[in-house]
Structures are given as structure tokens and as C-alpha cells.
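Architecture at a glance
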Amino acid sequence: MENNYGIWKWMGKASMLVLILAVAVTGCKDGDSFWESFIPETDEEPTSTQIEGYVFYPAVQPATDANIAQLKVPAGFAVNKFTDGVGKPRILVVGDQGQVYASDREAGIVMMFTDNNNDGVADNKKTVATIKQVHGLSIHNGKMYMVAVKEVYVADMNPDGTLGQPRMLISDLPDGGQHPNRTIGFGPDNKMYLTVGSTCNSCPEPNGENATILRADEDGSNRKVFAKGLRNTIGFGWHPQTSELWGMDHGIDWLGDDEQKEEVNQIKQGADYGWPYIYGEGKYNPGDRPEGDTTYQQYLQKTTLPTLTYQAHSAPMSMAFYNGSGFPAEYQNDAFVAMRGSWNRSKPVGYKIVRMHFENGKPVRFEDFVTGFIVNNNRAHFGRLVGVAVHKDGSLLFSDDTNGVVYRVSYTGK
């Protein structure tokens, strides 16, 4: 959803499917002509479906004081700029001493921000690593791990938060294609987890490591596919109480305004989450049929379906479980997700931070947490959000790589 590389190629493919595969117009409903979708189990019968697709990019406005002042947060919370004018900040992580790190994929750098007087605004910015197309960041056992498209690096962390010379651990991750934005994390098992998105919107992948989450040892060795059928799971994390792994997967584009919904998945070893053949609550993707003699129904039987879904085309990015002390107790162990925002939809959605409520260790619903980035009667925006991290002071940080801002949400109780 996030990147547009290759979408026109797929769009052409989808159009050919609609036009060439035997398509039948069937009847009327409520006086309106419509095409009835028909997706048979095998190719012994024709596949017939009609899909309306849109491209709509809201215009871009600056992150002015006036725009920021109209952002909406729950009662008792406040939002401010933690830092701005910092290029295109993407993934955020926070060090033990409160240093805030952000990757800038386009510039190929990792930045460090420090708030020396603890007033909620960064006083200093410094580039601490230079790595081409660096994106995912993770701090583990006093070291900074950084992932680009095909490479994983590690660097020692100095007492002042700066980094030593990065050392390459992995050099042969799969090609990026449409989804080159790798992310990285370390689980309770001290293993390295890497997200590798699909090269395309919807297609069988020739490389079995695409559209997966990989797991490896701390040094990058013994890399294996942990879970597959995940189109592009950028945001993931382990629930603080259950240690279960949860992630949000991007839905397939060009299936209409309200398909495919974004998925919340409990990521389990060996599971297949269906992409590209099965999506959502067990629906068949008309653009890609299971290969060989496998029917849709047979593939569905081995697919792990999502626990929860969210509005299609919202483009979920980073996810962070809240375990700080700054917010009310009811926020503990819930997750915050950055919704980057749509482009493949007639009306914009996303462009917000949402809270994912967990009950008894399971996600049950979403609610808005920071909204208002869409302005001018849905015709413009001033932020497409990416990174989310919990600061040591208990505030929530999130990044916008459109206007080069890192925001801070604090609880004032007022």
C-alpha cells in the first residue's frame, strides 16, 4: 500500500483479467446495473469480477502551528513538535538514556535527537550512522541493529548515544520491489525478526523469503522463514504480558475502496496468512489463483485468518505496545499504530495514530488517538505517519516523513 512501484503494471494485469477472462453481466439490483462477482474453485470455469479503483493523493500542506493546533487527541492529552526540519524521519526507537533515533531511508542516515532539559522538545540533532536506504531500527543488548533493503548491520552504542562503526551481519535479503521497507525486532527468545514485504501488489513470489517474517540468531545466522503469506507487515511487536507476536499487514490494492482491509494477525511459527490467494475473512483474490491443482478452498483451509481488521487502504506502519508510566493505567499493554494514509481510494482514510485495545491479551477494537492531519475538506493533508515509539518519560513519539516532523503526545490530565 505504501509504495507505488509496480502498481501500474499490476493495474494493467487486473484490467486484462477483467476484460479477457470470460466476464458476464448479470441482471439489475435496485434499478442499478451491476456485475456479479464469480470466482470458481478451479480454472475449469471462468472468473468474472468488476473492480472500481481510484488514485487520490490529497494535496500537501506544511505543518504550521495553526494546523497542529487543530489536531485532536483524547481529553487530558496534548501534542507538540518534538523536533522538525529533520528530513524524512521513518522508524523511531528510544535508547536507555532517552535518546531518540530515527531512520531516513531517502538520505541513508540514522539521526539521534536529545532533549537535554526534559521539556519535551529536542535540543540537539546528530547523524550517527550512514547506511544506504536504512529503514528498520532496533536496540538489543546495548547495540543498534539497522536494516536496509538487503543488508542488516549492527553497531556498538557509546555512552553518549552515538554509534560505533556499523558491521554487516546479513547481505543477501531478497530484492525489495514494491515493498523495500524492512523492519527488525528482537523477541523474548533473543532471536532477530525481520519483515520482508512482497515485491508486488499481488503475485506468486519466486523467492520464498518475500512476503514473510524471517527469524535468525542475534548474529544473523540460521535465518529461516518464520511465517509467510504476509504482504507487507511493517509494524509488529510482542505483547508485554503474553509475549505473543502481533503484526499489522497491508491489504492488497486495486480491489476497491473498501477491500482489502488491513489485517491484525497473531504471528505464529509456520503459519501461512494467505497472500496472495486468500485475503480478509477468507475471501478469494480474483487476480491470483492458487497454483497447480490446489483450489481456493484447499488454500483457505491452511490459511490463518486475521484476528481483527481495519479500514482498507489506511496503510498501517509502525506499532508500539504501551508500557510507559506517563499515560493512565488503562493504556497499559494496548498498542499504538501509525496509519500512513490512502492513495488507492476515492476518499482519504488513515493519516492518524490509532489505539488498538487488547483484552485478555487479544486485540478487540480500534479507536482514534491522534487525528486531524486531513484538512481542507478532505482535499489536503499535512502528515503521513510512519514511526511510533514510547519515550522514557512515558510520552508517545511518532514521525511524519512528509514535513520532517517528530511529534510528541503527553498526558497532562488537564
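Residues numbered from 1 in each chain as written. Predicted model: local features only at pLDDT ≥ 70, side-chain atom pairs only at ≥ 80, totals over all residues. Heavy atoms only, no water.

Regarding the nonpolar core
Counting 46 residues, the largest nonpolar core has Met-146, Ile-353, Phe-369 and Tyr-407 as the members making the most contacts within it. By size, the runner-up hydrophobic cluster in this structure holds 14 residues, among which are Val-264, Tyr-310, Phe-321 and Val-354. (Core = buried A, V, L, I, M, F, W, Y, C linked by side-chain atoms within 4.5 Å. Buried < 20%, exposed > 50% of the residue type's maximum accessible area, 1.4 Å probe, protein only.)

Some points on empty space enclosed by the protein
Inspection of every chain in the model, using the stated rule, returns two cavities of 30 Å³ or more. Size it by volume and the second largest cavity reaches roughly 40 Å³. If you go around the second largest cavity, the residues you meet are Gly-229, Asp-249, Ile-252, Gln-260, Glu-263, Tyr-273, Gly-274, Trp-275, Ile-278 and Tyr-279. Counted by class, the lining of the second largest cavity contains five nonpolar, three polar and two charged residues. (1 Å grid on protein atoms, 1.4 Å probe; cavity = no way out; pocket = protein on both sides within 12 Å on 5 of 7 lines; lining within 4 Å. Points joined across faces, edges and corners; volume = space filled by probe spheres on them. Nonpolar A, V, L, I, M, F, W, Y, C, P; charged D, E, K, R; others polar.)

Details of the state of the cysteines
What the rule picks out here adds up to one disulfide. Disulfide partner of Cys-200: Cys-203, at an S-S distance of 2.0 Å. With the S-S dihedral at roughly -95°, the linkage between Cys-200 and Cys-203 falls on the left-handed side. Cys-203 shares its class with Cys-200; the two are buried. (Disulfide = S-S within 2.5 Å.)

Brief notes about unusual backbone geometry
The amide bond that connects Glu-259 to the next residue, Gln-260, takes the cis arrangement and shows omega of -15°. Residue position: Gln-260 is located in the loop between strand S18 (245–249) and strand S19 (262–266). The phi torsion at Tyr-351 lies on the positive side, around 55°, for a residue other than glycine. Inspection of the secondary structure assignment puts Tyr-351 in the loop between strand S24 (335–339) and strand S25 (352–359). For Asn-360, which is not a glycine, the phi torsion comes out positive at approximately 55°. (Helix = DSSP H or I, 4+ residues; strand = E, 2+ residues; numbered from the N terminus.)

Topic: the pairing of strand S23 (residues 316–321)
Among the six residues in S23, six count as buried, and that is most of the element. Bridge analysis of S23 against S24 gives four bridges, and the strand direction is antiparallel. Following the sheet pairing, Ala-320 is matched in S24 by Phe-336. (Pairing = 2+ DSSP bridges.)

Things to note about the side chain of Glu-209
By the element assignment, Glu-209 lies in the loop between strand S14 (192–196) and strand S15 (212–216). Given a relative accessible area of 15%, Glu-209 falls into the buried group. Excluding residues within four positions of it along the chain, Glu-209 makes contact with Pro-174, Val-196, Leu-214, Arg-223 and Val-225. (Contact = heavy atoms within 4.5 Å.)

A look at the environment of Gly-98
Within the secondary structure, Gly-98 sits in the loop between strand S5 (92–94) and strand S6 (100–104). The sequence separation of Gly-98 and Pro-286 amounts to 188 residues, and the corresponding C-alpha distance is 48 Å. Residues contacting Gly-98, with those up to four places away along its chain left out, are His-391 and Lys-392.

What to know about the sheet that holds strand S29 (residues 385–390)
Here four strands make up an open sheet; going across it, the order is S4-S31-S30-S29 and the pairing antiparallel. The open sheet has two edge strands, strand S4 (77–84) and S29, and neither has a second partner. On average, each strand axis in the sheet is tilted by 25° relative to the strand beside it, whichever way the strands run. As defined by bridge partners, S29 adjoins strand S30 (residues 396–400) across four bridges and the pair is classed as antiparallel. Bridge pairing in S30 places Val-390 opposite Leu-396. (Axes fitted to C-alpha atoms, helices over the stretch in contact; angles between N-to-C directions.)

As for the sheet that holds strand S3 (residues 59–60)
Strand order in the open sheet formed by three strands is S3-S28-S27, and the pairing between neighbours is mixed. In this open sheet, the two edge strands, each paired with only one partner strand, are S3 and strand S27 (374–375).

Digging into the packing of aromatic side chains
The final tally for this structure, using the stated rule, is 27 aromatic pairs. Residues Tyr-193 and Phe-226 carry aromatic rings whose centres are separated by 5.3 Å and whose planes lie at 85° to one another, so their mutual orientation is edge-to-face. Of this pair, Tyr-193 sits in strand S14 while Phe-226 sits in strand S16 (residues 224–228), placing them 33 residues apart in sequence. Look at Tyr-193 and you get buried, because its relative accessible area is 3%. Between Tyr-277 and Tyr-299 the ring centres are 5.0 Å apart and the planes differ by 70°, which places this aromatic pair in the edge-to-face class. Highlighted residues: Tyr-277 in the loop between S19 and strand S20 (278–279) and Tyr-299 in helix H3 (residues 296–301), separated in sequence by 22 residues. (Phe/Tyr/Trp six-rings, centres within 6.5 Å; stacked < 30°, edge-to-face > 60°.)

Concerning the environment of Val-79
Among the secondary structure elements, Val-79 is positioned in strand S4. Along the sequence, Val-79 and Leu-305 sit 226 residues apart, while their C-alpha atoms lie 36 Å from each other. With residues up to four places along the chain from it excluded, the contact list for Val-79 reads Leu-71, Val-73, Tyr-407, Arg-408 and Val-409.

Structural notes on the confidence of the model for the chain
Averaged over all residues, the pLDDT of the chain equals 91, while 91% of them reach at least 70. Segment residues 3–35 is flagged for pLDDT under 50; beyond a separation of four residues in sequence, or across chains, it makes 45 contacts in the model. (pLDDT = per-residue confidence, 0-100.)

Some remarks on the pairing of strand S7 (residues 109–114)
For a regular strand, side-chain orientation follows a simple rule: the groups alternate between the two sheet faces. With six of its six residues buried, S7 lies for the most part within the structure. Taking every second residue as pointing to the same face, both faces of S7 are buried, with Ile-109, Met-111 and Phe-113 on one and Val-110, Met-112 and Thr-114 on the other. Looking at chain direction, S6 and S7 are connected through five bridges and run antiparallel. For Ser-103, the partnering residue across the bridge sits in S7 and is Val-110. Connecting S6 to the antiparallel partner S7 that follows it, the hairpin turn spans four residues, and Gly-108 within it adopts a positive phi of roughly 70°. Bridging between S7 and strand S8 (residues 124–130) involves six bridges; their strand directions are antiparallel. Within the sheet, the bridge partner assigned to Met-112 lies in S8 and is Lys-126.

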